[in-house]
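Working through the structure, step by step
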Amino acid sequence: MVVSQISQNQDQALLALPRSIYIESTTRCNELCQQCPRTLLTREEDRDLSFENFRSIVDQFPALERVVLHGLGEPLLNKELPKMIRYLKERGVYVLFNSNGILLTERRGQELIDAGLDEYRLSMDGTNRESYARIRGVDAFDKIWRNVRAFIDLQKAQQATKPVVSLWFTAMHENIPELPQLVDLASNAGIPEIYLQRLVYFEEGLAQSKQSLFRRSSREEQEIVRQCEETCASRGIRFKAAGTATPLESIVRETDSRPWSGCNRPYTLTYITSSGNVLSCCFAPFGHRSAKEYREERVLGNIFQQSIAEIWNGDRYNEFRRAFESDHPARHCSQCGLNWSY
Ligand code: SF4
Ligand code: SF4
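A brief structural summary. Predicted model only: the values in this text are computed from it and were never measured.

Time to look at the site of ligand 2. The immediate surroundings of ligand 2 are formed by Trp260, Cys263, Arg265, Ser280, Cys281, Phe283, Phe324, His332, Cys333 and Cys336. Looking at the shell around ligand 2 residue by residue, the classes come out as seven nonpolar, two polar and one charged.

The next point concerns empty space enclosed by the protein. Rolled over the atoms, a probe sized like a water molecule indicates the empty space that remains. Within this structure, the stated rule accounts for three cavities of 30 Å³ or more. Taken as a whole, the largest cavity holds about 120 Å³ of empty space. Surrounding the largest cavity, 13 residues form its lining, Arg43, Glu44, Leu72, Pro285 and Tyr294 being those nearest its centre. Considered class by class, the residues forming the lining of the largest cavity number five nonpolar, four polar and four charged.

What follows deals with unusual backbone geometry. Each neighbour pair has its own omega, and for Lys162 with Pro163 the value is 0 degrees, a cis peptide bond. Backbone geometry at Gln159 places phi at a positive 50 degrees, although glycine is not the residue there. Secondary-structure assignment places Gln159 in the loop between helix H7 (141-157) and strand E5 (164-171). You can call Gln159 exposed: its relative accessible area is 70%. Of note, the phi angle at Arg215 is positive, near 60 degrees, even though the residue is not glycine.

What follows deals with the side chain of Glu193. When you line up the elements, Glu193 lands in strand E6 (residues 193-198). Looking at Glu193, its side chain comes within polar contact range of the side chain of Tyr195, at 3.4 Å. At 2.9 Å, the side chain of Glu193 and the side chain of Arg238 are in polar contact. Each residue touching Glu193, except ones within four places of it in the same chain, is listed here: Val164, Val165, Ser166, Leu167, Ile237, Arg238 and Lys240.

On to the packing of helix H4 (residues 81-90) against helix H5 (residues 106-115). Any two packed helices are characterised by the angle at which their axes cross and by the distance between the axes. At a minimum axis distance of 9 Å, the contact between H4 and H5 shows a crossing angle of 15 degrees. On the basis of the axis angle, H4 is roughly parallel to H5. Handedness of the crossing formed by H4 with H5: right-handed. Of H5, the residues touching H4 (which contributes Leu81, Pro82, Ile85, Arg86 and Lys89) are Arg108, Glu111, Leu112, Asp114 and Ala115. Residue composition of the contact of H4 with H5, grouped by class: five nonpolar, no polar and five charged.

The rules we used
Residues numbered from 1 in each chain as written. Chains lettered and ligands numbered in written order. Predicted model: local features only at pLDDT ≥ 70, side-chain atom pairs only at ≥ 80, totals over all residues. Heavy atoms only, no water. Near = heavy atom within 4 Å. Nonpolar A, V, L, I, M, F, W, Y, C, P; charged D, E, K, R; others polar. 1 Å grid on protein atoms, 1.4 Å probe; cavity = no way out; pocket = protein on both sides within 12 Å on 5 of 7 lines; lining within 4 Å. Points joined across faces, edges and corners; volume = space filled by probe spheres on them. Helix = DSSP H or I, 4+ residues; strand = E, 2+ residues; numbered from the N terminus. Buried < 20%, exposed > 50% of the residue type's maximum accessible area, 1.4 Å probe, protein only. Polar contact = N/O pair within 3.5 Å; in protein donor to acceptor, adjacent residues only side chain to side chain. Contact = heavy atoms within 4.5 Å. Axes fitted to C-alpha atoms, helices over the stretch in contact; angles between N-to-C directions. Parallel < 35°, antiparallel > 145°, perpendicular 65-115°, else oblique. Left-handed = near helix turned anticlockwise from the far one by under 90°.

Set out below in structure tokens:
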């Protein structure tokens with residue numbers, strides 16, 4: 001598919017606009033996670049995306065199927081989020097976002113149910129107050145679990161089947177021994193899905209290669225993951241990793257010498273920040289060495305200055321795609337699959 005899309009490009013045919021997009025609803029955040037580029041690297045200015053700007057973005061995509069409403073920030077900080085979800089649901093779009101749960105009050109939870117949100121992904125990288133505070137930079141573990149349990153009770157009381165709640169665990173040497181407790185937290189709260197995420201590292205904070213489990217896990221660590229796969233299966237919890245790999249495969253499997261190849265995001269998906277900057281994917285804000293590199297290499301256009309049709313088929317995006325097909329892709333792609341997965 002990728003090859004035919006490139007040759008289409010070479011023939012000046014226009015690539016169809018993506019059906020799947022990320023829109024960063026806010027860049028503000030109430031945590032200081034020690035593996036997050038927002039905490040550790042230069043970042044775009046703090047701002048919420050207004051509903052008006054949001055609508056001006058989504059109205060440019062004629063065939064949207066899936067919208068992820070997070071980027072580097074906590075989506076629940078944007079008070080217009082339920083309105084955005086409702087707008088997308090009226091178009092029949094599948095809507096989800098990741099959240100830290102600190103602001104998942106009964107009122108916000110009810111708003112999410114009423115708006116028709118499909119998935120609520122709770123980021124949970126520690127399983128007790130101390131480790132959570134160490135990794136996520138704030139002492140909020142108890143509050144979050146009070147919120148999440150109350151939200152699930154609310155859903156049960158209303159027989160609401162959506163949003164599906166899942167737990168997202170960024171696995172590191174630091175926290176992998178806690179994985180069995182995460183499974184207990186999920187089963188006690190009635191959460192049906194757990195995702196094991198690979199650490200995206202860039203040698204700052206906890207985002208260190210020495211923390212990564214990918215091809216660096218010990219036999220004991222692999223055994224923890226394997227046992228959790230069994231426990232989840234016996235308790236009816238879906239335990240997954242990114243893409244098609246099982247959690248265990250996701251930390252041990254080999255990649256080839258061009259680890260980015262096989263990714264089709266440059267042709268099928270785009271990521272728009274709350275300042276309107278258009279990036280290739282959700283990994284693009286990771287690992288840049290300066291604001292200049294971020295601007296020059298990662299930002300492919302700005303949707304408040306040009307239409308997405310112009311950007312998507314414009315020179316910078318096409319140059320990014322040409323590099324992507326060569327042996328010298330953009331730096332964030334060059335190690336993709338080694339540092340993280342697609
Ligand atoms: S990982 Fe998410 S919650 Fe944590 S600091 Fe980054 S944006 Fe905020
Ligand atoms: S960083 Fe990875 S996921 Fe993103 S476009 Fe490049 S290869 Fe694909």
